[in-house]
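# Residue-level structural notes
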Amino acid sequence: MAAESCLENILNPDLKSQTKEEIEARFKELNEPLYRVQQLLEWVYLRRVTTWEAMTNLPKSLREKLAQIYSLQIPKLARKQGSTDSTQKFLWHLADGNFIESVLIPANPALYGEATDRHTLCVSTQVGCAYGCKFCASGLEGWKRNLTVHEIVEQVLGVERWASEHLKDETRERMVNNLVIMGMGEPLANYDNLIKALTILNAPWGMSIGARKITISTSGLVPQIRKLADEPFQFRLAISLHGATDEVRARIMPVNRKYPLKELAAACDDYQKKKGKMITLEYILIAGVNDALSQIKPLAQLSHRFHAKVNLIPYNKVDGLPWERPDEATQEKFLSALVRENVPATLRREKGHDIDAACGQLRLKTERELKGLANAA
Ligand code: SAH
Ligand code: SF4
């Protein structure tokens, strides 16, 4: 019994992993008035305080009770890269020593169908990734664990806290108004935690980020795409296609052997029927791998079938991997060929290639540096 209660203490749920309804149920058990729940949620999601002591309009006795039943974990900002007017990467140090990344992308032309992009945050969902796409830094050292609900939610809160301290012109209540679930990990492989975290980030009592401003990116987990289609949310879905034929796709994405294009396309049909025009196809251009014009017709077919826009992304080089992005002329040729097929397509012509490197790389670099330090010691 003693051991059990000790375990309960360690396993106290983090407050930011709880929905309003769950907290209300707990307050009822504690015989606390329910209007206090709203006050509590405002401290967490509006003022974004990090301690119980800061919640000054809650009675001390209630704060003490809450501290007994909930934890309030705040990942530490281990490293930040990039300048305030460009893409910025945040590397978070989690309670168990792992690192994850979030990337803040300032106002840019709408990439995922929204006309009013202001600040988009790219959020991670796992430490590492089990899917091992050949070109990707996140999968390089395998999968370590799923992120918890509060670790997903905290990425948004942490960036908001940083913004209110560092961006002097930020007078609004919230800065992040678009989320892309495209950081480290395969979001649909951490399905339950993802959906709960997005429920909290979407809720009016939480971070109030509209479901249509949330894009979930997946390498193509068919059963979970079908499950997502049945959820009561209008999330946008980005499919990491990167090859429009099984032959090309399977060479770089092992997941294609489990869920070949035919099955993936059928699941996307289902999503599209239930949610409308909410699908984007992501296509990284990798020199000599998937940039041949033979991909154009099958890619155009898929785009027309789901009424999906195609985002072409020149590959970001990853240290230790042999892949390269094609030269600009090849990128433009691929884009024009798609446009000739009446595909709504964009090509990301980003500068700052070095800082802008894809998610997963800052973590890898930091872990390698730490290992180097440990070996040298
Ligand atoms: N696991 C999910 C979401 C995370 S990856 C998925 O695969 O969709 C987010 C996006 O970044 C994916 O489209 C992925 O293919 C892409 N990506 C990974 N490594 C990249 C790199 N080096 N350059 C450009 N895009 C990359
Ligand atoms: Fe995992 Fe996505 Fe990277 Fe593939 S592209 S290894 S699914 S994070």
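Being a predicted model, the structure only gives us computed values, none of them experimental. (Residues numbered from 1 in each chain as written. Chains lettered and ligands numbered in written order. Predicted model: local features only at pLDDT ≥ 70, side-chain atom pairs only at ≥ 80, totals over all residues. Heavy atoms only, no water.)

## Comments concerning the pairing of strand β3 (residues 99–105)
To keep it simple, the criterion reads: In this scheme, a residue with accessible area under 20% of its type's maximum is buried, one over 50% is exposed, and one in between is partly exposed, where area comes from a 1.4 Å probe on protein chains only. Secondary structure counts use DSSP, requiring at least four H or I residues in a row for a helix and at least two E residues in a row for a strand, with both numbered from the N terminus. Should DSSP find at least two bridges between two strands, the strands are regarded as paired.
Of all 7 residues in β3, 6 are buried; the element is thus mostly enclosed. Bridge count for strand β2 (residues 88–93) against β3 is 6 bridges, and the pairing is antiparallel. Considered in β3, the bridge of Leu91 is made with Glu101. Connecting β2 to the antiparallel partner β3 that follows it, the hairpin turn spans 5 residues, and Gly97 within it adopts a positive phi of roughly 95 degrees. Here β3 pairs with strand β4 (residues 120–122) via 3 bridges, running antiparallel. Across the sheet, Val103 pairs through a bridge with Cys122, a residue of β4.

## Quick look at the side chain of Asp269
Counted only if it meets this: For this analysis, residues touch if any pair of their heavy atoms sits within 4.5 Å.
Mapping Asp269 onto the fold places it in helix α10 (residues 261–275). Filtering out sequence-adjacent residues up to four positions away, Asp269 remains in contact with Arg305 and Phe306.

## What to know about the site of ligand 1
We count it as follows: Whether a residue is near a molecule or strand depends on its heavy atoms: if one lies within 4 Å, it is near. For the purposes of these results, a polar contact is taken to be a pair of N or O atoms within 3.5 Å, where, inside protein, one atom must be able to donate a hydrogen and its partner to accept one; residues adjacent in sequence count only when each atom of the pair is a side-chain atom. Areas reported here follow the Shrake-Rupley algorithm with a probe of radius 1.4 Å; residue values treat only the protein chains shown as occluding. Each residue is assigned to one class: nonpolar for Ala, Val, Leu, Ile, Met, Phe, Trp, Tyr, Cys and Pro, charged for Asp, Glu, Lys and Arg, and polar for all the others, Gly among them.
In the region of ligand 1, 17 residues are neighbours, and Gly185, Ser217, Ser240, His242 and Asn316 sit closest. Between ligand 1 and the protein, one listed contact pairs a nitrogen atom with a backbone N or O atom of Gly185 at 2.9 Å. His242 is positioned with one of its side-chain polar atoms (N or O) 2.6 Å from an oxygen atom of ligand 1. In isolation ligand 1 offers 530 Å² of accessible surface; the protein chains occlude 91% of this area. For the shell around ligand 1, the residue count by class is 8 nonpolar, 8 polar and 1 charged.

## Some words on helix α5 (residues 149–166)
As a reminder, the rule being used: Expected helix span is taken as 1.5 Å per residue step, with the number of steps being one fewer than the number of residues. The angle separating two fitted axes, one through the seven residues that finish at a residue and one through the seven that start at it, defines the bend at that residue.
Between its terminal C-alpha atoms α5 stretches 26 Å, which fits the 26 Å expected from 18 residues at 1.5 Å a residue. Of all the bends in α5, the greatest measures close to 30 degrees and is centred on Gln155. Summarising burial for α5: 15 of the 18 residues are buried, a large majority.

## Quick look at the site of ligand 2
Around ligand 2 sit Cys129, Tyr131, Gly132, Cys133, Phe135, Cys136, Ser138, Gly185, Glu186 and Ser219, and that is every residue in its neighbourhood. Among the residues forming the shell around ligand 2, the class breakdown is 5 nonpolar, 4 polar and 1 charged.

## Observations concerning the packing of aromatic side chains
Each aromatic ring pair is characterised by the separation of its centres together with the angle its planes make. Rule in force here: Between 30 and 60 degrees the pair is tilted, below 30 it is stacked and above 60 it is edge-to-face, where a pair is any two Phe, Tyr or Trp rings, Trp via its six-membered ring, whose centres lie within 6.5 Å. Should the NZ of a Lys or the CZ of an Arg lie within 6 Å of a ring centre and within 35 degrees of the ring normal, that charge is described as sitting over the ring.
All told, the structure shown has 5 aromatic pairs when counted by the stated rule. Considering the side-chain rings of Phe90 and Trp162, the 5.3 Å spacing of their centres and the 80 degrees angle between planes classify their relative orientation as edge-to-face. Residue Phe90 is found in strand β2, and its partner Trp162 is found in helix α5; the two are separated by 72 residues along the sequence. Each member of the pair Phe90 and Trp162 is classed as buried. Following the ring pairs from residue to residue traces out a cluster consisting of Phe90, Trp92 and Trp162. A cation over an aromatic ring shows up here: Arg47 above the ring of Trp43, its NZ or CZ 4.2 Å from the ring centre. The ring of Phe90 carries Lys80 above its face, with NZ or CZ at 5.8 Å from the centroid.

## Side note on unusual backbone geometry
Of note, Asn31 is a non-glycine position whose phi angle comes to about 55 degrees, a positive value. For Asn31, the position within the fold is in the loop between α2 (20–29) and α3 (35–46). If you check the backbone angles, Ser208 has positive phi at about 55 degrees while not being a glycine. Overall, Ser208 belongs to the partly exposed group, its relative accessible area being 38%.

## So, the nonpolar core
Operational definition: Among buried residues, those of type Ala, Val, Leu, Ile, Met, Phe, Trp, Tyr and Cys that are joined through side-chain atoms within 4.5 Å constitute a nonpolar core.
If you look at the biggest cluster of nonpolar residues, it comprises 107 residues, and the most contacted ones within it are Leu179, Phe235 and Leu281. Setting aside residues no more than four positions away along its own chain, Leu179 makes contact with Leu121, Val123, Val156, Leu198, Leu201, Ile209, Lys213, Ile214 and Thr215.

## With respect to the sheet that holds β3
Pairing between sheet strands relies on hydrogen bonds along the backbone, with the strands arranged either parallel or antiparallel. Rules: Here an angle of 0 to 180 degrees is reported between the N-to-C directions of two axes, which are lines fitted to C-alpha atoms, with helices fitted over the stretch in contact.
With mixed pairing, the 10 strands of this open sheet are ordered in space as β1-β2-β3-β4-β7-β8-β9-β10-β11-β12. Both edges of this open sheet fall to β1 (76–81) and β12 (345–347), since each of them pairs with a single strand only. Adjacent strand axes in the sheet meet at a mean angle of 20 degrees, parallel and antiparallel pairs treated alike. Where strand β10 (residues 279–285) meets strand β11 (residues 309–314), 6 bridges bridge the pair, whose relative direction is parallel. Considered in β11, the bridge of Leu281 is made with Val310. Where helix α12 (residues 328–340) meets the sheet, its contacts fall on β10, β11 and β12, and the angle it forms with β12 comes to roughly 170 degrees.

## Comments concerning the environment of Val37
With respect to the helices and strands, the residue Val37 is situated in helix α3. For Val37, a relative accessible area of 0% corresponds to the buried category. Linking Val37 and Glu24, residues 13 residues apart in sequence, is a C-alpha distance of 6.5 Å. With sequence-adjacent residues up to four places away left out, Val37 is seen in contact with Lys20, Ile23, Glu24 and Phe27.

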